[in-house]
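# A structural walkthrough
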Amino acid sequence: MMIDQARYEKLTAEAERTGRSVADIVRSAIDVHFDEERLQARRAEAGRRLLASQPDPNEPSETWDDMLHVRAQDIEHTAHQ
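Fair warning: this is a prediction, and the values are worked out from it, not measured in the lab.

Parameters and conventions
Residues numbered from 1 in each chain as written. Predicted model: local features only at pLDDT ≥ 70, side-chain atom pairs only at ≥ 80, totals over all residues. Heavy atoms only, no water. Helix = DSSP H or I, 4+ residues; strand = E, 2+ residues; numbered from the N terminus. Rg over C-alpha atoms; globule rule 2.2 N^0.38 Å. Buried < 20%, exposed > 50% of the residue type's maximum accessible area, 1.4 Å probe, protein only. Areas by Shrake-Rupley, 256 points an atom, 1.4 Å probe, with all protein chains shown as cover. Lys, Arg positive; Asp, Glu negative; His and termini not counted. Charge placed at Lys NZ, Arg CZ, Asp CG, Glu CD. Patch = residues over 30% accessible without salt bridge, like charges linked within 9 Å, V, L, I, M, F, W, Y side chains within 5 Å. Salt bridge = Lys/Arg side-chain N within 4 Å of Asp/Glu carboxyl O.

A count of helices and strands for the protein chain gives 3 helices and 0 strands. Along the protein chain, helices (α) and strands (β) appear in the sequence α-α-α when read from the amino end. In terms of overall dimensions, the protein chain is more spread out than a globule: its C-alpha atoms have a radius of gyration of 25 Å, far above the 12 Å expected for 81 residues. For the C-alpha atoms alone, the extent of the protein chain along its principal axes is close to 65 × 35 × 20 Å. Here the protein chain holds 81 residues, and 4% of them are scored as buried. Carbon and sulfur atoms provide 57% of the accessible area of the protein chain, an area that totals close to 7,500 Å². For the protein chain, the separation between the mean place of its 11 positive charges and that of its 17 negative charges on side chains is 10 Å.

Below you can see the structure in the form of structure tokens.
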């Protein structure tokens, strides 16, 4: 595998700056790249699930006050246990 001179110079400069080997920097860059791909895939799946779980538009939706009331009841219930 070959890389162009400009990229190699960036790698060697980073290696000198950090005291790491060029190989270690390349491995880390590969790990970051694939970790980011996995994260993006998880986010996309979460988005698909969220969209699939949208409430029925014909049913009334819960208001902010309704949610606060339910949360207050949960806190009250937990405090008395």
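Taken together, W64, M67 and L68 make up a surface patch of nonpolar side chains, about 340 Å² in accessible area. In this structure, W64 sits in helix 3 (residues 64-79).

With that settled, the discussion passes to the pattern of salt bridges. Between side chains of opposite charge, a pair can form as their charged atoms come close. The final tally for this structure, using the stated rule, is 7 salt bridges. In this structure, the salt-bridge partner of R27 is D24, at a minimum N-O distance of 3.9 Å. Taken as a pair, R27 and D24 lie in helix 2 (residues 22-52) at a separation of 3 residues, close to a single helical turn. As a salt-bridge pair, E45 and R48 come within 2.9 Å of each other at their nearest N and O atoms. Residue E45 and its partner R48 are located together in helix 2, separated by 3 residues, close to a single helical turn. For E45, a relative accessible area of 29% translates into the label partly exposed.

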